[in-house]
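# Tertiary structure, described
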Amino acid sequence: MLRLSAVAVALIGGAATQNASPCEMLRAAGLGDRLVLPNDAGYDAEVDASWASNARERADCFVVPRTSSEVATALTTLIKQSNVSIAVRSGGHSSTGASSITNGVSIDLARLNSTSYDAESNIASIGPGGRWENVYKELVKYDITVTGGRDGDVGVGGFLIGGGNSYYSGRVGFGCDSVVNFEVVLANGTIVNANQTENSDLWRALKGGSGNFGIVTRFDMEAVPAPDVFRDTRYLTFNHSDALVDAVVGFADSDESLADDAFFTFFTHTTELSQDIVAAGVHVNIKGNTNNPTPFDEVKALPSFLNQTKVETIADAAFESQVQAGAESYGLTLTFNNDKRIAQRCVELHSEFVNSLKTLMAPEDFFTQMFLQPLPAYRWAFGKQHGGNVLGLDDLNNNALLYTAGVGLIADGAPGDEAHALLQEMLAKVADFAKSVQGEMEFIYLNYADADQNPLGTYGVSNIALMKDVAAKYDPTGVFQTRIPGGFKISHVN
């Protein structure tokens, strides 16, 4: 009853509030001490909490709720004014503008950041505003963890409702597959649970369907043991690129005997490391095994100019793995068959991309990253084993590679539009080559997607239909399709 009464207060309209600003309406609804206004000392910090500089939009105000009831009050208050646009941010680790807004109000979930663990049920309950390094720091006190992000500054909410690729995915699937219950604020202010027995259609749709259905205010996740992890990061000169390609292709061809071994390779231009493009590989064993034979062994025999090898907690590993914040950033993604030819072409095209960028700006004014991550075929079954998700991967039987490329512009006034266009041209060339060798795949991983990509449209006909039905059922007035413009919208998928 307390929850409903809080929402009811927000739903009470009158002539005195119809013409009020949305920020004034939030104050009138009892959220005055949760507001951050442009003249407040903390306003710039709110803006800068978004990871990419091009996502640091200056909202009319920020409202920072501390409970799910306050989220409901904020949401229902704002939707009373038909011309108010809304953003919802958990960690803000996006360059697409999905969680920020100008000429509107931002609901910042950063204070919904609690983490707790129930040993009897083996369930960790995590707020959407938590950052993974802090979540892990709390959970390792109990010698457990969850299938969360690798980078410590990534927020919980967007990571999980977008899928969630993790060091632990080889053992238990995507992060969303470990969520046994979502607490969700719906557009009408109702707070519901979504799990296998209650609102099960919403539960499944939230596992990959992103912010189309409601605002998740708590994730209940099945925990896994958390012995210290072994992490081996090696930076090599570019002439050893083929060895890194062989390693990632080998991991993608692996079976469950390497389920505890995570790996990715990346190629980067950053003058902080070298004037030349650098090739790197990261191998993590989630059980702390330092000598398990893997396809990375041949790379380990090569000379590296920088090597960081540690056995440490997952919290420490996440803290030490973070991508530079504050740059004007663009990124995009594809998935394709595990084919060495395609991987090698990605390496070549990244080199061409870097050279093209150097014609636009000084080498020290930008950095690039091109990642290849293995997706062995045995992983496709995990979604169905955990009650289903909407990613559309259940019926695949091929080994795959997840490709991600991005650019960060450091200098003020850098040619962002031109750099973004070059990035998109590179993606098109990768896609064309993959198709030419019959290696193309439809799946686009939402958490890495560019704003111009259509990840939801790659999930398959039945999953698209499910997401549309769930959106219509739980948000019949289309609040999350029209009033919250950021992110990928199921209503935009044909």
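Residue positions are given per chain, counted from 1 along the sequence in the order it is written. Owing to the predicted nature of the model, reporting of local features is limited to residues with pLDDT of at least 70; listing and counting of side-chain atom pairs is limited to 80 or more, with chain, interface and lining totals taken over all residues. To obtain the side-chain values, all non-hydrogen atoms of the structure were included, while hydrogens and water were left out.

## Structural notes on the overall build of the protein chain
Secondary structure elements are taken from DSSP: a helix is a run of H or I of four residues or more, a strand is a run of E of two residues or more, and numbering for both begins at the N terminus. Tallying secondary structure elements over the protein chain gives 17 helices and 18 strands in all. In terms of overall dimensions, the protein chain is globule-like: its C-alpha atoms have a radius of gyration of 22 Å, near the 23 Å expected for 494 residues. Dimensions along the principal axes, computed over C-alpha positions, put the protein chain at roughly 70 × 55 × 45 Å. Taking all 494 residues of the protein chain together, the buried fraction comes to 59%. For the protein chain, the share of sequence-separated contacts (at least 6 apart) that also reach a separation of at least 24 residues comes to 74%. About 19400 Å² of surface is accessible on the protein chain, with carbon and sulfur atoms providing 48% of the total. Neither His nor the chain termini are counted; the positive set is Lys and Arg, and the negative set is Asp and Glu. In this description, the location of a charge corresponds to atom NZ of lysine, CZ of arginine, CG of aspartate or CD of glutamate. Charged side chains in the protein chain number 34 positive and 58 negative. The centres of these two groups are separated by 4 Å. Every radius of gyration here is taken over C-alpha atoms, with the globule rule written as 2.2 Å times N^0.38, N being the number of residues. Here the term buried applies to any residue with accessible area under 20% of the maximum for its type, exposed to any over 50%, and partly exposed to those in between, with areas from a 1.4 Å probe on protein chains only. Contacts are residue-level and defined by heavy atoms, with any inter-residue pair within 4.5 Å sufficient. Here, Shrake-Rupley sampling with a 1.4 Å probe gives the accessible areas, and only protein chains in the shown set may cover a residue.

## Quick notes on the layout of surface pockets
A volume near 160 Å³ is recorded for the second largest pocket. Whether a set of points on the 1 Å grid over the protein atoms alone is a cavity depends on a 1.4 Å probe fitting there but being unable to get out, while an open set qualifies as a pocket with protein on both sides within 12 Å along at least five of seven lines; lining residues are those with an atom within 4 Å of a point. In this structure, the second largest pocket is lined by 14 residues; those nearest its centre are Ala110, Asn113, Gly129, Gly130 and Arg131. Looking at the lining of the second largest pocket, the element that brings in the most residues is helix H6 (residues 132-139), giving three residues. Looking at the lining of the second largest pocket residue by residue, the class counts come to three nonpolar, seven polar and four charged. Grid points are joined across faces, edges and corners, and a volume is the space filled by probe spheres set on the points. In this count, Pro and Cys sit with the nonpolar residues alongside Ala, Val, Leu, Ile, Met, Phe, Trp and Tyr, while Asp, Glu, Lys and Arg are called charged and the others, Gly among them, polar.

## Describing empty space enclosed by the protein
This model, assessed by the stated rule, comprises three cavities of 30 Å³ or more. By volume, the largest cavity is sized at about 190 Å³. Lining the largest cavity are 19 residues, with Asp261, Ala262, Phe263, Pro374 and Arg379 positioned closest to its centre. Put simply, the parts of the chain that give the lining of the largest cavity at least two residues each are helix H8 (169-172), strand E13 (261-269) and strand E17 (366-375). No other element matches E13, which puts four residues into the lining of the largest cavity. Grouping the constituent residues of the lining of the largest cavity by class yields ten nonpolar, six polar and three charged.

## Details of the packing of aromatic side chains
Classification of ring pairs uses Phe, Tyr and Trp, with its six-membered ring standing for Trp, and accepts pairs whose centres are within 6.5 Å; under 30 degrees between planes counts as stacked, over 60 as edge-to-face, and the remaining range as tilted. Enumeration over the complete set of coordinates arrives at 17 aromatic pairs. Residues Phe336 and Tyr403 carry aromatic rings whose centres are separated by 6.1 Å and whose planes lie at 40° to one another, so their mutual orientation is tilted. Of this pair, Phe336 sits in strand E16 (residues 328-337) while Tyr403 sits in strand E18 (residues 400-409); the two residues are 67 residues apart in sequence, bridging distant segments of the chain. Its relative accessible area of 0% is what places Tyr403 among the buried residues. An aromatic cluster is built from Tyr235, Phe264, Phe266, Phe305 and Phe371, whose rings are joined through pairwise contacts. One residue, Arg379, lies across the ring of Phe174, its end atom 5.2 Å from the ring centre. The criterion is that NZ of a Lys, or CZ of an Arg, lies within 6 Å of the ring centre and within 35 degrees of the ring normal, and then a charge sits over that ring.

## Notes on the sheet that holds strand E6 (residues 123-126)
Strands are labelled as partners when DSSP assigns at least two bridges between them. The strand order E5-E6-E10-E8-E9 describes an open sheet built from five strands, whose pairing is antiparallel. Each end of this open sheet is capped by a strand with a single partner; those strands are strand E5 (115-118) and strand E9 (191-195). Ignoring strand direction, the axes of neighbouring strands in this sheet form an average angle of 20°. Relative to E6, E5 is paired through four bridges, and the arrangement is antiparallel. In the sheet register, Asp118 faces E6, and the bridge partner there is Ile123. Each axis is a line fitted through C-alpha atoms, and for a helix only the stretch in contact is used; angles between axes span 0 to 180 degrees, taken between their N-to-C directions. Together, strand E8 (179-185), E9 and strand E10 (215-222) form the strand contacts of helix H5 (residues 68-79), whose direction differs from that of E8 by roughly 45°.

## Regarding the sheet that holds E16
The strands that make up a sheet pair up through hydrogen bonds in the backbone, lying either parallel or antiparallel. Strands sit in the order E15-E12-E14-E13-E17-E18-E16 across an open sheet of seven strands; the sheet is antiparallel. Where the open sheet ends on each side, the last strands, each with one partner, are strand E15 (306-312) and E16. In this sheet, neighbouring strand axes are inclined to one another by 15° on average, regardless of whether the strands run parallel or antiparallel. Across eight bridges, E13 lies against strand E14 (residues 278-285) in antiparallel orientation. Bridging across to E14, Asp261 finds its partner in Asn285. Along the sheet face, helix H10 (residues 241-252) touches strand E12 (229-237), E13, E14, E17 and E18 and points at about 150° away from the line of E13. Here helix H15 (residues 416-436) sits on the sheet and contacts E16 and E18; the angle it forms with E16, its principal contact strand, is near 5°.

Without other data, these values stay purely geometric and don't point to any function.
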